[in-house]
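One-letter residues, chain by chain:
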Amino acid sequence: MTKDTPKMPSSRQPGLTGFALTYPTGTHIEPHSHDVHQLIHAISGTMRVYTKKQLWVLPVGRALWIPAKTEHEIRCNGAVKMRTAYLSPAYTDFPEYLQVLSISPLLREVLVRLAEGAEQVLQGPLALVLLHEIKHADTEALLLPLPADKRIAILAASLRSNPESHKTITDWAKELGFSERNLIRRIREVTGMTFRELRRQTRVITAIEKLAEGQTVTNVALDVGFETPSAFISAFKTVTGLTPKQFGIRLS
């Protein structure tokens, strides 16, 4: 645990603790885990949360459910005002894996109130509301695979670094030493996606971070490799279920 990793404070409510933290842009919280569940949320800024197998992007309006003992690290894009809750593993019926949750106005206010020090008398009622809202929140697929296969990892990292690239599957097969058919099969085996789906998912995830910074839809569409804004909007809706405009409303 590094100096950037929050230490668990003494709980004011058995099994549930709220915490408010602020990090400057570029902060890296190195790999760590907690003995308790964590719900991580920011009221400003965007976070990238890494596990060994996946990368999660967390803009304003979303929270990440992190089960107890899950190793993760965090990188902050922009000044991040984190509002988080730690929950005892004694709380049951929660997912055993990471999930991005849409934050309802009620869940946001409960998190903020807990993190900023709710009165003792409110701890129990707020806990009940928090647990209910977590269990009933919508989930969002704001994640990218981090492949263990070294050659597929090179491809995936390149897509993240250069989402605007138009290198084809044929180009990648030659570069990585695969036949085109074997590369197509290997990408699906390792990531659960086709090459086209992986590139689209990467472009949209990258676009979400740029939209969170206040960039325009047209500029973002071109920056991440789409030829037209309409093509970008179509891909964005396929991945998120929302248009960029609808998604942007939740960033405010």
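Higher on the page you've got the structure.
Here the structure is a predicted model, which is why all the values come from computation and not from measurement.

Visitor: Help me out: how do you make sense of unusual backbone geometry in this one?
Guide: Residues other than glycine predominantly adopt negative phi, and peptide bonds predominantly adopt the trans conformation. A positive phi is found at K69, a non-glycine position, where the angle reads about 70 degrees. For K69, the location among the structural elements is in the loop between strand 5 (62-66) and strand 6 (72-87). Accessibility expressed as a relative area gives 60% for K69, which makes it exposed.

Visitor: Explain the environment of F236 here, please?
Guide: Along the chain, F236 falls in helix 8 (residues 229-240). Sequence separation between F236 and R203 is 33 residues, and the spatial gap between their C-alpha atoms is 8.8 Å.

Visitor: Is there a simple way to think about the nonpolar core in this case?
Guide: Soluble globular proteins tend to pack their nonpolar side chains together in the buried interior. In this structure, I40, M47, L64, I74, M82 and I208 are the most contacted members of the largest nonpolar core, which totals 42 residues. For M82, the residues in contact, after removing those within four places along its chain, are F19, A20, L21, Y23, I29, I40, H41, A42, M47 and I74. Among the nonpolar cores identified, the runner-up in size contains 20 residues, and A63, L87, V110 and I134 belong to it.

Visitor: Is there a simple way to think about the pairing of strand 4 (residues 54-58) in this case?
Guide: A regular strand carries its side chains on alternate faces of the sheet. Within strand 4, 4 of the 5 residues are buried, which leaves the element mostly enclosed by the surrounding structure. As paired strands, strand 3 (residues 37-50) and strand 4 are joined by 4 bridges and run antiparallel to one another. Bridge assignment links Y50 to a residue of strand 4, and that residue is L55.

Visitor: So what exactly am I meant to see when it comes to the layout of surface pockets here?
Guide: A probe matching the size of a water molecule, rolled over the atoms, marks out where space remains unfilled. Its boundaries defined by the atoms lining it, the largest pocket holds a volume of some 250 Å³. Within the residue set of the lining of the largest pocket, elements represented by two or more residues are helix 6 (195-212) and helix 8.

Visitor: Teacher, can you tell me more about the pairing of strand 1 (residues 16-23) here?
Guide: For strand 1, the buried fraction is high: 6 of the 8 residues fall into the buried class. Here strand 1 pairs with strand 6 via 8 bridges, running antiparallel. Bridge pairing in strand 6 links G18 to A85.

Visitor: Looking at this model, I keep getting lost on the packing of helix 3 (residues 150-161) against helix 6. Mind explaining?
Guide: Helix-helix packing is described using two parameters, namely the angle between the two axes and the distance between the axes. Orientation of helix 3 relative to helix 6, taken along the N-to-C sense of each, is 35 degrees, at an axis distance of 9 Å. Here helix 3 and helix 6 pass one another in a crossing that is right-handed. Across the interface between the two elements, L155, L159 and R160 from helix 3 touch F195, L198, R199, T202 and T206 from helix 6. A per-class count over the contact of helix 3 with helix 6 returns 4 nonpolar, 2 polar and 2 charged.

Visitor: Looking at this model, I keep getting lost on the pattern of salt bridges. Mind explaining?
Guide: When the charged atoms of two side chains with opposite charge come close together, those side chains can pair. Evaluation of the coordinates by the stated rule reveals 7 salt bridges. Residues E109 and R108 are paired through a salt bridge, measuring 3.0 Å at the closest nitrogen-oxygen approach. Accessibility expressed as a relative area gives 30% for R108, which makes it partly exposed. For D149, the salt bridge is made with R186, and the minimal N-O distance between the two is 2.9 Å. Within this pair, whereas D149 is found in the loop between strand 9 (143-145) and helix 3, its partner R186 is found in helix 5 (residues 180-191), the two being separated by 37 residues in sequence. Classification of D149 by relative accessible area gives buried; the value is 17%. For R186, a relative accessible area of 29% translates into the label partly exposed.

Parameters and conventions
- Residues numbered from 1 in each chain as written.
- Predicted model: local features only at pLDDT ≥ 70, side-chain atom pairs only at ≥ 80, totals over all residues.
- Heavy atoms only, no water.
- Helix = DSSP H or I, 4+ residues; strand = E, 2+ residues; numbered from the N terminus.
- Buried < 20%, exposed > 50% of the residue type's maximum accessible area, 1.4 Å probe, protein only.
- Core = buried A, V, L, I, M, F, W, Y, C linked by side-chain atoms within 4.5 Å.
- Contact = heavy atoms within 4.5 Å.
- Pairing = 2+ DSSP bridges.
- 1 Å grid on protein atoms, 1.4 Å probe; cavity = no way out; pocket = protein on both sides within 12 Å on 5 of 7 lines; lining within 4 Å.
- Points joined across faces, edges and corners; volume = space filled by probe spheres on them.
- Axes fitted to C-alpha atoms, helices over the stretch in contact; angles between N-to-C directions.
- Left-handed = near helix turned anticlockwise from the far one by under 90°.
- Nonpolar A, V, L, I, M, F, W, Y, C, P; charged D, E, K, R; others polar.
- Salt bridge = Lys/Arg side-chain N within 4 Å of Asp/Glu carboxyl O.

Distances and angles like these do not, on their own, reveal function.
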